[in-house]
Amino acid sequence: DAKTTQPPSMDCAEGRAANLPCNHSTISGNEYVYWYRQIHSQGPQYIIHGLKNNETNEMASLIITEDRKSSTLILPHATLRDTAVYYCIVRSSGSARQLTFGSGTQLTVLP
Amino acid sequence: DTAVSQTPKYLVTQMGNDKSIKCEQNLGHDTMYWYKQDSKKFLKIMFSYNNKELIINETVPNRFSPKSPDKAHLNLHINSLELGDSAVYFCASSHHGTGLEQYFGPGTRLTVT
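Let me sum up the structure you'll find in this document. Computed from a prediction, not measured in an experiment: that's the story for all the values here.

Overview of the overall build of chain A
Part 1: Secondary structure assignment for chain A yields 0 helices and 9 strands.
Part 2: On C-alpha atoms alone, chain A measures out to a radius of gyration of 13 Å, which is about the 13 Å that the 2.2 N^0.38 rule sets for 111 residues.
Part 3: In terms of overall dimensions, chain A has a C-alpha envelope of 40 × 30 × 25 Å along the principal axes.
Part 4: Here chain A holds 111 residues, and the buried ones make up 44% of them.
Part 5: Counting only carbon and sulfur atoms, one obtains 49% of the accessible surface of chain A, whose full area is about 5500 Å².
Part 6: Across chain A, the centroid of the 9 positively charged side chains sits 5 Å from that of the 9 negatively charged ones.

Quick look at the structure:
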């Protein structure tokens, strides 16, 4: 699996967009980019995933660069409840289905 | 309404005891998982299981064993508990075909004294 690199922490003002970067320079053609988050004392929560194209759902948008070596998760209007650790995971769907979590980015949304 | 549930939420026990953590999902998924999150907050896969295949992380001691009475349940049995087993254990489930959009339970905090 491709390794991912994320900043350990970020702050964002409430109501502003939170842009969380992830580098995955060794990603291969059949590997997807997945984002999960873990709010304190809760189980991880799936956010979004993508392969090549940008994706958007009710929670967030995922922007993947054309060379697929990096991506950005965008929370368009961050709220205090979005404070969490965000994990970027790269994995091929055809392999063993375990998720490998790194250390993630601690996002703190400030009032 | 709870998609993935675990019991108990908290478990305090002494070294050497045997304990079980239960997990149930009502999403109709066919694959279930157990993860361990240690005190440093690293989340590591322990097992993934469906009715055809058990995949065990090679770092998991054989004191840990998953048992699945049916597709909706995957329980975790732990024998001869050790201090280092203290952690939060998360159950998750997914469809076999995708596997990576997983739904997690609320976790069980195990404390071994």
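So, next bit.
Quick notes on the nonpolar core
Part 1: Ranked by internal contacts, the top residues of the largest apolar core, which has 21 residues, are L20, W35, L73, L75, Y86 and L107 of chain A.
Part 2: Broken down by secondary-structure element, the contributors of at least two residues to this core are β2 (18-23), β3 (31-38), β4 (45-50), β6 (61-64), β7 (70-75), β8 (84-92) and β9 (105-110) of chain A.
Part 3: With 4 residues, β8 of chain A is the largest single contributor of residues to this core.
Part 4: Look past the residues within four positions of L75 of chain A in its chain and what remains in contact with it is R16, A17, A18, L20, M59, A60, D82, Y86 and L107 of chain A.
Part 5: Listed in part, the 19 residues of the second largest apolar core include M32, L76, L81 and A87 of chain B.

Comments concerning the pairing of strand β11 (residues 108-112) of chain B
Residues and elements named next belong to chain B.
Part 1: Side chains T108, L110 and V112 of β11 all project onto a buried face; the interleaved residues R109 and T111 project onto a face where none is buried.
Part 2: Here 4 bridges tie strand β2 (residues 10-13) to β11, and the two strands are oriented parallel to one another. For V12, the partnering residue across the bridge sits in β11 and is T111.
Part 3: With 3 bridges connecting them, strand β9 (residues 87-94) and β11 associate as antiparallel partners. Residue A87 lies in a different strand from β11, and its bridge partner there is L110.

Quick notes on the state of the cysteines
Part 1: Scanning the model with the defined rule gives 2 disulfides over all chains in all.
Part 2: Two residues share a disulfide in this structure: C22 of chain A and C88 of chain A, whose sulfurs sit 2.1 Å from each other. On the S-S bond that ties C22 of chain A to C88 of chain A, the torsion sits near -80°, and the link is left-handed. Of this pair, C22 of chain A sits in strand β2 while C88 of chain A sits in strand β8; the two residues are 66 residues apart in sequence, bridging distant segments of the chain. C88 of chain A shares its class with C22 of chain A; the two are buried.
Part 3: In this model C23 of chain B forms its disulfide with C91 of chain B; the gap between the sulfur atoms is 1.8 Å.

Some remarks on the interface of chain B and chain A
Frequently, the measure chosen for interface size is the accessible area that the parts lose on association.
Part 1: Listed as interface residues are 22 residues of chain B and, on the opposing side, 20 residues of chain A.
Part 2: Between chain B and chain A the total buried area reaches about 1700 Å² when both faces are included, carbon and sulfur atoms providing 57% of it.
Part 3: For the pair chain B and chain A, the interface holds 2 residue pairs in polar contact (both at pLDDT 80 or more).
Part 4: Residue assignment for the side of chain B that touches chain A shows that the elements contributing at least two residues are β4 (31-37), β5 (43-50) and β6 (53-56) of chain B.

Rules and cut-offs
- Residues numbered from 1 in each chain as written.
- Chains lettered and ligands numbered in written order.
- Predicted model: local features only at pLDDT ≥ 70, side-chain atom pairs only at ≥ 80, totals over all residues.
- Heavy atoms only, no water.
- Helix = DSSP H or I, 4+ residues; strand = E, 2+ residues; numbered from the N terminus.
- Rg over C-alpha atoms; globule rule 2.2 N^0.38 Å.
- Buried < 20%, exposed > 50% of the residue type's maximum accessible area, 1.4 Å probe, protein only.
- Areas by Shrake-Rupley, 256 points an atom, 1.4 Å probe, with all protein chains shown as cover.
- Lys, Arg positive; Asp, Glu negative; His and termini not counted.
- Charge placed at Lys NZ, Arg CZ, Asp CG, Glu CD.
- Core = buried A, V, L, I, M, F, W, Y, C linked by side-chain atoms within 4.5 Å.
- Contact = heavy atoms within 4.5 Å.
- Pairing = 2+ DSSP bridges.
- Disulfide = S-S within 2.5 Å.
- Buried area = accessible area lost by both parts, 1.4 Å probe.
- Polar contact = N/O pair within 3.5 Å; in protein donor to acceptor, adjacent residues only side chain to side chain.

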